[in-house]
Each structure stands twice: as structure tokens, then as C-alpha cells.
Amino acid sequence: MTPDAALDTAAPALAVVAPPSERFADVRRIALLRGGGLGDLLFALPAAQALMAAYPDAEVTLLGSPIAAALLPGRAGAPHRVEVLPPIHGVGAAPDAVTDDDEIARFVAAQREREYDLAVQLHGGGRFSNPFLLSLGATHTIGTRTEDAAELERTIDYVYYQHEMLRGLEVAGLAGAAPVALEARLGVSDDEHAAAAAVCGEDRPVVVIHPGATDPRRRWPVERFAEVAAAVVAEGARVVLVGDGADAHLCGEIAVAVGAAGDGLVVDASGRLGLGTLAGVLARADVMLGNDSGPRHLAQAVGARTVSIFWFGNVVNAGPLGRGRHRVHLGWTTHCPVCGRDCTQVGWTAERCEHDDSFVAGVAAADVQGDVLRLLADAIAERAAL
């Protein structure tokens, strides 16, 4: 390739991720496999959207979690169909989940009847997910794989430290699908906007705070969230606390810490929002503050500005790409604070230790507060200019 060719601006957009393969012929039905939580689902959406654009006559079915079925149907930017996976070891099931071989066999049989032309594996290194994908009987198969995973028709090596959305786009490129977006985007319905207004009010700017994370090591200390919440309230903005039932005690601690200053300005909505209303609340937010978690990723997908606290390794895989509307603060822990085990070797390469001490406790509240207030001012100025 000549230097001029390498700089050709007319080259396919996918060249920024990897050179695209040729498209498959006669593709009418596509299955996309991605189990896991809310963040995992959102990371798969740019790949799904690329495939829908590359194969406009094809129906794209996401094989995913109950979260996908609760959030996606009828939403702009979503795949055409969602099929909920039964619990399958290594394919999104919780470690303690009970699996049923007969239930899995019935699911596979039903999916084989759909006669998929293309099956796409976006669920990890493929040790468990590639054999499952092959069982669907699709004409063509693509995905990621580690050395011990079953071969698909077209694959790329699974290397842990890669942004999940870019990994998905690289996989989509194996089917000749160029990106239409680098990050997840989802629409919010009028009903969800209305439900959000009932939670957030419409009289003040709103900062949504989510203090939880599935992995306790990703959680910023709750007293730091409380410091930022108090500063937001002092500016006259409303704080809305969100999370599932497991996060309710964290949200309660923040509300108590803000105290009387938060009367009428701190709304604890933890444990009482469905996914649709949560999407509306996050879309209503002028700024969302949270850990590396599903609600943080959903906030970005519905258009909110975000300030996030990440362990530095996780930001490689899951952090926002831009910094105009998104700010990231990093915990630089490389070894477990308790036992000293190296925590940079992740996934299948090294089992984690049993300790749950925060990897992000060193992030200063003043730094996070500064970015929240800065982005809040940007949002207020943007709204005033409309």
C-alpha cells in the first residue's frame, strides 16, 4: 500500500478498527449472542447496529439476558427481536445459577428452526460461547476466540484489554459490516420522559447519582458521593439517587449524610424504578455521576453527560471515548490492598482473590465535584441557549 492509499479518506470507516472482510451472501436472519448485565448489553449495540445497516433486509435477533428483553423491544436503535437465554454455564448465567440441560436443548431446537444465516458471538473468549453458537446450526459463524475455544468460520483473537464496543465492531467487520456508531445510542419514549418528570421534577437542574456496582471493588466510597451530593444541593440543583434494591442502603446513607440541606432537593428513587423509567430519568439528568456500572453506561446511551469513577484497567474496556460530555476519574490500584495479589491479570488468566476492598478509594472527592459542577454549568448554559 502506498502512503497516499493509507491516507485515503474514502476508505471504509471500519479501517479505523480493522480491515473489513467480504460480506456474506443471502443473509436474511442473524443471531447475535451476548449475555450478561446491562453494560454488557449496551456494549453489543454498536455491532448490532452495524450489522443491521450492512444487511438491511435481514432480521437481527439478540440472544441475551432478561435485561435485554425488558429494555430493548420497540426502542430506537435496538435489534429487531430479543430471545432470552436460559441459564447456561459460561454464557451469561450467574456462577450460582441452576442450569437445566433439557431447557437448553429446547431453546437450541427452537433457534435452529429459525435457520439463521449468520450467527455472531460477542460473549467473551468463546470457551463456552463458541460451542453454544455452533449448536444453533447457522450457515456462517463469526466471533472472538481464545486458543482453547472452538473455531468459527471467521474469528479474531480474544485479547482482554480492548474496549468492548470496539471489539464488537471488529467482530461485525468479519461480516463486512462498517460502524454506524462507535458507542451505544438508545431512544427514550414519551411515556418514559413523562415518568422521569414525575421523579425528577421540572423546576431545577438534576444530577443523578448511582453509587453501586456489581463488583464491590469498583465502588467509590459512599461518603465521597455524599460530599459531591452536598455540593450539588448547595448549587440549588436536585440530586436523584438511583440503584436496584442492593444499592438502597448506599443511597440511604447519602441522603442521611446530606441531611436537612437536602430537604426537597434529594430524591431517593433506589429500588423503585423499572428499566424504562430509569432510562427516562437518566435522559432527564443534566449530569449523571456513578461508578463503572450498567446505569452509568445507560446514561451515556440515552444522551446524558457523565462523570465516572473507574479502575484504570476497566476504563480500557468500558470507558467513554469522548471527554467533551464525559469525564473519568481513575483508581490506579495494581495490587489487592489486602493481600498484594496482582489485579491487572484478569479474566481466565488469573483468578481474583477473595478481597472486595475498593480499587478506586484513592479518587479525591474535590476532583470529581469539580467535574460534576463544570458539566452541570455546561448543561444549564446549553439549555438556556435553546
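For the structure itself, consult the block above.
Keep in mind it's a predicted model, so treat the numbers as computed, not measured.

**As for the packing of aromatic side chains**
Aromatic ring pairs: the centre-centre distance and the angle between the two ring planes describe each pair. Going through the model one piece at a time under the given rule, you end up with 6 aromatic pairs. Of the aromatic side chains, those joined through ring pairs into one cluster are Trp 311, Phe 312, Trp 332 and Phe 359.

**Let's talk about the pairing of strand 2 (residues 59–64)**
Summarising burial for strand 2: 5 of the 6 residues are buried, a large majority. The sheet contact formed by strand 1 (residues 29–33) and strand 2 spans 5 bridges and is parallel. Bridging across to strand 2, Arg 29 finds its partner in Glu 59. A crossover links strand 1 with its parallel partner strand 2, the connecting element being helix 2 (residues 38–54), and its sense is right-handed. Relative to strand 3 (residues 81–84), strand 2 runs parallel, the two being bridged by 4 bridges. Within strand 3, the position partnered with Leu 62 by the bridge is Val 82.

**Considering the environment of Gly 276**
If you trace the backbone, Gly 276 turns up in helix 10 (residues 275–284). A C-alpha to C-alpha distance of 8.9 Å links Gly 276 and Asp 191, two positions 85 residues apart in sequence. Setting aside residues no more than four positions away along its own chain, Gly 276 makes contact with Arg 75 and Glu 192.

**Quick notes on the packing of helix 8 (residues 222–234) against helix 9 (residues 248–258)**
Across the interface, helix 8 lies against helix 9 with an axial gap of 9 Å and an inter-helix angle of 50 degrees. Comparing the axis directions of helix 8 and helix 9 gives the class oblique. The way helix 8 lies across helix 9 gives a crossing that is right-handed. Residues Val 222, Phe 225, Ala 226, Ala 229, Ala 230 and Val 233 of helix 8 pack against Leu 250, Glu 253, Ile 254, Ala 257 and Val 258 of helix 9. Taken together, the residues that form the contact of helix 8 with helix 9 break down as 10 nonpolar, no polar and 1 charged.

**A few points about the sheet that holds strand 9 (residues 266–268)**
Within the open sheet, the 6 strands sit side by side as 9-8-7-10-11-12. Their pairing is parallel. The sheet terminates laterally at strand 9 and strand 12 (326–331), the two strands that pair on one side only. Between one strand and the next, the sheet's axes are offset by a mean angle of 15 degrees, whatever the strand orientation. As judged from the 3 bridges shared by strand 8 (residues 238–241) and strand 9, these two strands associate in the parallel manner. By the bridge assignment, Val 239 is partnered in strand 9 with Val 266.

Reading the values: rules and limits
Residues numbered from 1 in each chain as written. Predicted model: local features only at pLDDT ≥ 70, side-chain atom pairs only at ≥ 80, totals over all residues. Heavy atoms only, no water. Phe/Tyr/Trp six-rings, centres within 6.5 Å; stacked < 30°, edge-to-face > 60°. Buried < 20%, exposed > 50% of the residue type's maximum accessible area, 1.4 Å probe, protein only. Helix = DSSP H or I, 4+ residues; strand = E, 2+ residues; numbered from the N terminus. Pairing = 2+ DSSP bridges. Right-handed = clockwise from strand over helix to strand, strands pointing away. Contact = heavy atoms within 4.5 Å. Axes fitted to C-alpha atoms, helices over the stretch in contact; angles between N-to-C directions. Parallel < 35°, antiparallel > 145°, perpendicular 65-115°, else oblique. Left-handed = near helix turned anticlockwise from the far one by under 90°. Nonpolar A, V, L, I, M, F, W, Y, C, P; charged D, E, K, R; others polar.

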